[in-house]
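Fold and geometry: a report
Listed here are the chains, written in short residue letters.
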Amino acid sequence: MRFNLYLKKHHIEILNNFKKVLNHSIIDDVLNHIVFHVINNEDYEVLFKKIRCTGECYMNDNSFEVEIKSNYYEKLKEIYNIYDFEEYPSIEEEVSKVIRCILDYCDQENRYDVMNSQNII
């Protein structure tokens, strides 16, 4: 599924760090890999109970189109609805919020090596 992903500058930097760690240049594949790992291996309560992406989240500097697996997109929408996130004007922005939280979590908890232990999907 193609959609517009809304990120702040530092989230793009986190994705670029993942590209280096995973030794992969295609952002869509890297994003799918990260989302797959989080959906299947991380404790949602730990990840989403704490608000990780704060301040100016409505003011996302960058948006670009990415391809993500449909079942991941649906799961991200479900996660958004379970946890107490602020309201956004579109589903794409809601899914982007969840992805920003995932990226912040991975960066804050230094999850780069864990992600690297699995092959890119």
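Residues numbered from 1 in each chain as written. Predicted model: local features only at pLDDT ≥ 70, side-chain atom pairs only at ≥ 80, totals over all residues. Heavy atoms only, no water.

This paragraph deals with the environment of Leu31. Inspection of the secondary structure puts Leu31 in helix α2 (residues 27–41). Note: C-alpha distance between Leu31 and Ile68 (37 residues apart in sequence) is 7.5 Å. Ignoring any residue separated from it by four or fewer positions in sequence, one finds Leu31 in contact with Leu5, Leu15, Val66 and Ile99. (Helix = DSSP H or I, 4+ residues; strand = E, 2+ residues; numbered from the N terminus. Contact = heavy atoms within 4.5 Å.)

Following both chains from N to C, one finds α2 and helix α4 (residues 70–82) inclined at 55°, their axes separated by 11 Å at the closest point. On the basis of the axis angle, α2 is oblique to α4. Of the two elements, α2 crosses α4, and the hand of that crossing is left-handed. Taken together, the residues of α4 that come into contact with α2 (itself represented by Asn32, Val35, Phe36 and Ile39) are Tyr72, Lys75 and Leu76. Here the contact of α2 with α4 is built from residues that sort into five nonpolar, one polar and one charged. (Axes fitted to C-alpha atoms, helices over the stretch in contact; angles between N-to-C directions. Parallel < 35°, antiparallel > 145°, perpendicular 65-115°, else oblique. Left-handed = near helix turned anticlockwise from the far one by under 90°. Nonpolar A, V, L, I, M, F, W, Y, C, P; charged D, E, K, R; others polar.)

This part takes up the packing of helix α1 (residues 9–21) against helix α5 (residues 91–108). Direction vectors running N to C along α1 and α5 enclose 60°, while the axes themselves pass 10 Å from each other. Taken together, α1 and α5 sit at an angle that is classed as oblique. At the point where α1 passes α5, the crossing takes the left-handed sense. Taken together, the residues of α5 that come into contact with α1 (itself represented by His10, His11, Ile14, Leu15 and Phe18) are Arg100, Leu103, Asp104, Cys106 and Asp107.

The next subject is the side chain of His37. Checked against the element boundaries, His37 lands in helix α2. Of the polar contacts made by the side chain of His37, one reaches the side chain of Glu42; its length is 3.1 Å. (Polar contact = N/O pair within 3.5 Å; in protein donor to acceptor, adjacent residues only side chain to side chain.)

This paragraph deals with the pattern of salt bridges. Counted according to the given criterion, the structure contains seven salt bridges. A salt bridge links Asp28 to Arg2; the nearest nitrogen and oxygen atoms lie 3.7 Å apart. Of this pair, Asp28 sits in helix α2 while Arg2 sits in strand β1 (residues 2–7), placing them 26 residues apart in sequence. Among the ionic pairs, Glu86 bridges to Lys97, the shortest N-O distance being 3.5 Å. You can see Glu86 sitting in the loop between α4 and α5 and its partner Lys97 sitting in helix α5, a full eleven residues away along the chain. Among the residues examined, Lys97 registers a relative accessible area of 0% and is labelled buried. Taken together, the salt bridges that share partners define one network made up of Arg2, Asp28, Glu65 and Glu67. (Salt bridge = Lys/Arg side-chain N within 4 Å of Asp/Glu carboxyl O. Buried < 20%, exposed > 50% of the residue type's maximum accessible area, 1.4 Å probe, protein only.)

At Asn23, a residue that is not glycine, the phi angle is positive and equals roughly 55°. Structurally, Asn23 is set in the loop between α1 and α2. For Asn110, which is not glycine, the phi torsion reads 50° and is therefore positive. Along the chain, Asn110 turns up in the loop between α5 and α6 (112–116). The exposure class of Asn110 is exposed, given its relative accessible area of 53%.

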